[in-house]
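So you can see what is in the structure, the chains are spelled out below.
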Amino acid sequence: MTALVGVLSGVLLLCGVGTGLATWTWTRYVVDTTGEVSFVNRLAIPPLAESRIDARGRRVFDLRAQSGHRDFGQGGSTLTWGYNGDYLGPTLRAKRGEEVVVNVVNGVGEPTTVHWHGMHLPAAMDGGPHQMIRPGATWSPHWRVDQPAATLWYHPHLHGQTEQHVYRGLAGMFILDDDASAGLALPRRYGVDDIPLIVQDRNFDSDGQFDHGRGLLGGIGILGDTLLVNGTVGPYLDVRTERVRLRLLNGSTARTYDFGFADNRDFALIGTDGGLLEVPYQTPRIQLSPGERAEIVVTVRPGERTVLRSYPPGRDMDFVSRRITGGDDAFDVLELRAAETLQPAPEVPARLVPVERLDPASAAQARTFHLAGHHINGRRMDPGQLDFAVTRDTTEIWEITKEDGTPHSFHVHDAQFQILSIAGREPPPELRGWKDTILLEAKQEIRIIARFADYADPNMPYMYHCHLLYHEDQGMMGQFVVVEPGQRPGGPPTGHTHG
Ligand SMILES: [Cu+2]
């Protein structure tokens, strides 16, 4: 009897310990900084990159990837990487029709690349894994900007190292302008009423260094508990106009945000990854997974303070997956401080730009992509293998499905796409514009349509991949070439053709 009681209490004790451990793990996996952030630092605005016009009329930028250190106020001077500075990089800006050249110097002491995320350009200029820049070398891609005004960005894309390089601080914005957007009554004074916001999460160790650990259940990558906006912790922005345009870029490696305001006010969503929408969409929320962008216009009242927040984003996920992938997390992001007297600003135009709808009936080819684990269609990235060839100037429909519990995203190089359907239904208003990255949270299928215009190169591939950078580094990526009609694909620079 005594022995039985002993065994029973032992079992109960173990259950208690087990439950306690589970509860501890469970609660430990939520981050909620709402109401806790001291907004004491003026938001840093990345400088506009200087440029010059060369003898051939091209706009020339210079970027140098380098190491440095920055005091984020987290207990020490943090070792960082940046372009032309310690952390992040300047904002590049060019107009549709311009030829641009970017001289990229690799000063970080190990190989890296620079990818122009969202840009339509030749594969050899794309900055993917095949355009590696050796330490000390300079890479000078050049192309003609020919796509709508948009908020793009640039970041490393070295195979297997992208997460680490981005986490250390290599990223910057690339704003494109065009005549259609210039004719609209939208806030457009950079750093005044048109504000870049590069949102990133980081963990700091006890010495104030970036903590690269992924944690016990780190299947999604690094989830940080501290937010940096343009590299500023606890940022505030002085607003002097009735309306302010925020260019939101999720520059995080793994975390998805659901942006809104603490008082739940509506704002006007005017643009997504690849450009402006046809009409603004009044909404209190915009969800962005890593790599996605949104342009919003927010109206403020004189003298008020309001906080840009990230609400728990994991609405469509099961509760365990949601908890361990940051889906229950909430953050205060940025405080807007409106001046007592605000300069007037016009209403957001009721119509923005015409967006040509790609016609599914015109599609020459359909393809399917199945995302699971770290695989696409059951395979991991092999730099020496091409996955398929697309014929130049044709339209394709791609169907992307996901069946595991982990969120994944799908990013395509070269072309902006439109979403035809999500789980068989029309996309919501925020997903009707041009996109280059789309999140799949639940088990669902998404159909997209894209036209692969202009640039054929049978030997140099473009990438498609999950933009959760840990997954990408684990090989959740494939490559395709664009060929001329009737042309046979060759092989990537280091390998052979497959399929
Ligand atoms: Cu993924």
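Our subject is the structure listed above.
Residues numbered from 1 in each chain as written. Predicted model: local features only at pLDDT ≥ 70, side-chain atom pairs only at ≥ 80, totals over all residues. Heavy atoms only, no water.

Novice: Sorry, what's going on with the overall build of the chain here?
Specialist: Along the chain, the regular secondary structure elements total five helices and 32 strands. Relative to its length of 499 residues, the chain is compact, with a C-alpha radius of gyration of 23 Å against a globular reference of 23 Å. Projected onto its principal axes, the C-alpha positions of the chain cover 90 × 65 × 50 Å. Here the chain holds 499 residues, and the buried ones make up 57% of them. If you take every contact in the chain between residues at least 6 apart in sequence, the share linking residues at least 24 apart comes to 78%. Carbon and sulfur atoms provide 52% of the accessible area of the chain, an area that totals close to 19600 Å². Taken together, the 47 basic and 61 acidic charged side chains of the chain have centroids lying 2 Å from each other. (Helix = DSSP H or I, 4+ residues; strand = E, 2+ residues; numbered from the N terminus. Rg over C-alpha atoms; globule rule 2.2 N^0.38 Å. Buried < 20%, exposed > 50% of the residue type's maximum accessible area, 1.4 Å probe, protein only. Contact = heavy atoms within 4.5 Å. Areas by Shrake-Rupley, 256 points an atom, 1.4 Å probe, with all protein chains shown as cover. Lys, Arg positive; Asp, Glu negative; His and termini not counted. Charge placed at Lys NZ, Arg CZ, Asp CG, Glu CD.)

Novice: What is the right way to read the nonpolar core from this model?
Specialist: Note on soluble globular proteins: their nonpolar side chains tend to be buried together. Ranked by internal contacts, the top residues of the largest apolar core, which has 46 residues, are Leu197, Leu246, Leu248, Phe259, Ile286, Ile296 and Leu336. At six residues, the largest contribution of residues to this core is made by strand β22 (residues 331-343). Discounting residues that sit within four places of it in the chain, Leu248 has contacts with Leu197, Val199, Phe259, Ile286, Leu288, Glu292, Arg293, Ala294, Ile296 and Leu308. (Core = buried A, V, L, I, M, F, W, Y, C linked by side-chain atoms within 4.5 Å.)

Novice: Is there a simple way to explain the environment of Arg265 in this structure?
Specialist: Note that Arg265 resides in the loop between β16 (257-261) and β17 (267-272). We classify Arg265 as buried; its relative accessible area is 11%. For the pair Arg265 and Thr91, spaced 174 residues apart in sequence, the C-alpha separation works out to 29 Å. For Arg265, the residues in contact, after removing those within four places along its chain, are Thr283, Pro284, Val298, Thr299, Val300, Arg301, Glu304 and Thr306. A polar atom in the side chain of Arg265 sits 3.0 Å from the backbone oxygen of Thr299. A polar contact of 2.9 Å, which involves the side chain of Arg265, links it to the side chain of Glu304. (Polar contact = N/O pair within 3.5 Å; in protein donor to acceptor, adjacent residues only side chain to side chain.)

Novice: Is there a simple way to explain empty space enclosed by the protein in this structure?
Specialist: Over the atoms a probe the size of a water molecule is rolled, and this reveals where empty space is left. Counting across every chain of the model gives three cavities of 30 Å³ or more. Quantified by volume, the largest cavity comes out at close to 90 Å³. If you trace the largest cavity, you find 14 residues lining it, with Thr256, Met317, Thr325, Pro407 and Glu441 closest to the centre. Of the residues that constitute the lining of the largest cavity, the class distribution is seven nonpolar, five polar and two charged. Put simply, the second largest cavity is a space of about 70 Å³. If you go around the second largest cavity, you meet 13 residues; those closest to its centre are Ala149, Asp177, Ser181, Arg245 and Arg247. Listing elements by their share of the lining of the second largest cavity, those giving two or more residues are β11 (172-177) and β15 (243-250). Among the elements that line the lining of the second largest cavity, the one with the most residues is β11, at three residues. When grouped by side-chain class, the residues that make up the lining of the second largest cavity number five nonpolar, one polar and seven charged. (1 Å grid on protein atoms, 1.4 Å probe; cavity = no way out; pocket = protein on both sides within 12 Å on 5 of 7 lines; lining within 4 Å. Points joined across faces, edges and corners; volume = space filled by probe spheres on them. Nonpolar A, V, L, I, M, F, W, Y, C, P; charged D, E, K, R; others polar.)

Novice: What exactly am I supposed to notice about the coordination of the copper ion here?
Specialist: Between any two of four tetrahedral donors, the ideal angle at the metal is 109.5 degrees; between two of six octahedral donors, it is 90 or 180 degrees. Taken together, the protein donors to the copper ion comprise His408 (ND1), Cys466 (SG) and His471 (ND1), at separations of 2.0 to 2.1 Å. In primary-sequence terms, the residues that donate to the copper ion follow H-x57-C-x4-H. Using a relative accessible area of 1% as the deciding quantity, one classes His471 as buried. (Donors = N, O, S within 2.8 Å, 3.2 Å for Na, K, Ca; no water.)

Novice: Would you mind going over unusual backbone geometry with me for this structure?
Specialist: The phi torsion of most residues other than glycine is negative, and most of the peptide bonds are trans. A positive phi angle is found at Asn230, which is not glycine, with a value near 55°. With respect to the element layout, Asn230 can be found in the loop between β13 (226-229) and β14 (235-241). The class of Asn230 is buried, set by a relative accessible area of 4%.

Novice: Please explain the sheet that holds strand β28 (residues 417-422) as it appears in this structure.
Specialist: To summarise the sheet geometry, strands pair through backbone hydrogen bonds and adopt either a parallel or an antiparallel arrangement. The strand order β24-β23-β26-β30-β28 describes an open sheet built from five strands, whose pairing is mixed. In this open sheet, the two strands that pair with only one neighbour each are β24 (375-376) and β28. Note: strand β26 (residues 394-402) against strand β30 (residues 445-452), eight bridges, orientation antiparallel. If you follow Glu396 over to β30, its bridge partner there is Ala450. (Pairing = 2+ DSSP bridges.)

Novice: Would you explain the packing of aromatic side chains in this entry?
Specialist: Aromatic ring pairs are described here by two measures, namely the spacing of the ring centres and the angle between the planes. Applying the stated criterion to the full structure yields 30 aromatic pairs. With a centroid separation of 5.2 Å and an interplanar angle of 80°, the aromatic rings of Phe72 and Tyr87 are classed as edge-to-face. Highlighted residues: Phe72 in the loop between β3 (59-71) and β4 (77-83) and Tyr87 in the loop between β4 and β5 (92-95), separated in sequence by 15 residues. Given a relative accessible area of 7%, Phe72 falls into the buried group. On the basis of an interplanar angle of 45° and a centroid distance of 5.9 Å, the ring pair of Trp116 and Tyr154 is categorised as tilted. Placement of the pair is Trp116 in strand β7 (residues 115-117) and Tyr154 in strand β10 (residues 150-155), with a sequence separation of 38 residues. A relative accessible area of 0% places Trp116 in the buried class. Through a chain of ring-to-ring contacts, three or more aromatic side chains come together here, namely Phe369, Phe388, Trp398, Phe410, Phe452, Tyr462, Tyr464 and Phe480. Across the ring face of Phe210, the terminal group of Arg202 is positioned such that the distance to the ring centre comes to 5.4 Å. Of note, Arg265 hangs over the ring of Phe261, and the distance from its end group to the ring centre comes to 5.9 Å. (Phe/Tyr/Trp six-rings, centres within 6.5 Å; stacked < 30°, edge-to-face > 60°. Lys NZ or Arg CZ within 6 Å of the ring centre and 35° of its normal.)

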